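# Analysis of the macromolecular model
The primary structure of each chain is shown beneath.
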Amino acid sequence: MDNCIFCKIIRGEIPSVKVYEDDDVLAFLDISQVTPGHTLLVPKKHVPDIYAYDTDLATRVFSHVPEIARALKQAFPEAQGLNICNNNGELAYQSVFHSHIHFVPRYTSDDGFKMHWANNADQYDQASLTAIAAKIKSALAKEEVE
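This write-up is about the structure you can find in this document. Bear in mind that the values here come from a model prediction, so they are computed numbers and not experimental data.

About the thresholds
Residues numbered from 1 in each chain as written. Predicted model: local features only at pLDDT ≥ 70, side-chain atom pairs only at ≥ 80, totals over all residues. Heavy atoms only, no water. Helix = DSSP H or I, 4+ residues; strand = E, 2+ residues; numbered from the N terminus. Buried < 20%, exposed > 50% of the residue type's maximum accessible area, 1.4 Å probe, protein only. Contact = heavy atoms within 4.5 Å. Areas by Shrake-Rupley, 256 points an atom, 1.4 Å probe, with all protein chains shown as cover. Lys, Arg positive; Asp, Glu negative; His and termini not counted. Charge placed at Lys NZ, Arg CZ, Asp CG, Glu CD. Phe/Tyr/Trp six-rings, centres within 6.5 Å; stacked < 30°, edge-to-face > 60°. Patch = residues over 30% accessible without salt bridge, like charges linked within 9 Å, V, L, I, M, F, W, Y side chains within 5 Å. Salt bridge = Lys/Arg side-chain N within 4 Å of Asp/Glu carboxyl O. Core = buried A, V, L, I, M, F, W, Y, C linked by side-chain atoms within 4.5 Å.

### Topic: the overall build of the chain
- Broken down by element type, the chain carries 4 helices and 5 strands.
- N-terminal to C-terminal, the α/β element order of the chain is α-β-β-β-α-α-β-β-α.
- Dimensions along the principal axes, computed over C-alpha positions, put the chain at roughly 50 × 40 × 25 Å.
- Here the chain holds 146 residues, and 32% of them are scored as buried.
- Once local pairs closer than 6 in sequence are excluded, the contacts in the chain between residues at least 24 apart make up 52%.
- Of the accessible surface of the chain, which amounts to about 9,900 Å², a share of 57% is contributed by carbon and sulfur atoms.
- For the chain, the centre of its 13 positive side-chain charges and the centre of its 20 negative side-chain charges are spaced 1 Å apart.

Here it is as structure tokens:
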């Protein structure tokens, strides 16, 4: 993709601070540095989001997640946790439409990074949960056929 900022970084047209690279992926520091060590892992193949991955690409990209996480833990032992995020679609806060995984080391609850998980358990009973699961199972069965 000619205008994709991550493709330009991969091609070396835009500078970046690389932390890891092989034939399939590039990991580099996010320019925003939400917290020190904020790293992005991107496939070198342009795919807009998780929905465009095939099994082989997913294996090649996601197999690096634990090693990047462990490297961050070792590099920043003062970090108390690590958020690993993959946003897909504008509503899900994806701002660059080249699939990428964020690694955000967490040092304190006041570090400027927030996630909020609403508890909507009171809005679902066993029947509605079973219906939701059936939809997902049906979609998975269709995936296996394709």
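Still more to cover.
### Remarks on the packing of aromatic side chains
- Taken as a whole, this structure holds 3 aromatic pairs when the rule is applied.
- With a centroid separation of 5.7 Å and an interplanar angle of 50 degrees, the aromatic rings of Tyr53 and Phe62 are classed as tilted.
- When its relative accessible area of 12% is taken as the criterion, Tyr53 is described as buried.
- The partly exposed category is assigned to Phe62, whose relative accessible area is 30%.
- Note on Phe76 and Tyr107: the rings are 6.3 Å apart at their centroids and 85 degrees apart in plane angle, and the pair reads as edge-to-face. Taken together, the residues span a long stretch of sequence, with Phe76 in the loop between helix H3 (65-75) and strand S4 (81-85) and Tyr107 in the loop between strand S5 (101-106) and helix H4 (126-145) at a distance of 31 residues.
- With relative accessibility at 22%, the residue Phe76 sits in the partly exposed group.

### Brief notes about a nonpolar patch on the surface
- Together, Tyr124, Leu129, Ile132, Ile136 and Leu140 make up a nonpolar patch on the protein surface, roughly 460 Å² of accessible area in all.
- Mapped onto the secondary structure, Ile136 falls in helix H4.

### Comments concerning the nonpolar core
- Core analysis: the biggest nonpolar cluster contains 13 residues, and Leu41, Val61, Ile101 and Phe103 have the highest contact counts within it.
- Put simply, the parts of the chain that give this core at least two residues each are strand S2 (25-29), helix H2 (55-62), H3 and S5.
- With 4 residues, the single largest contributor to this core is H3.
- Ignoring anything within four residues of it in the chain, the contact list for Ile101 reads Thr39, Leu40, Leu41, Val61, Phe62, Val65, Ile84, Cys85 and Asn86.
- Core analysis: the next-biggest nonpolar cluster, separate from the first, contains 10 residues, Ile10, Leu40, Val42 and Val96 among them.

Structural measurements only, silent on function.
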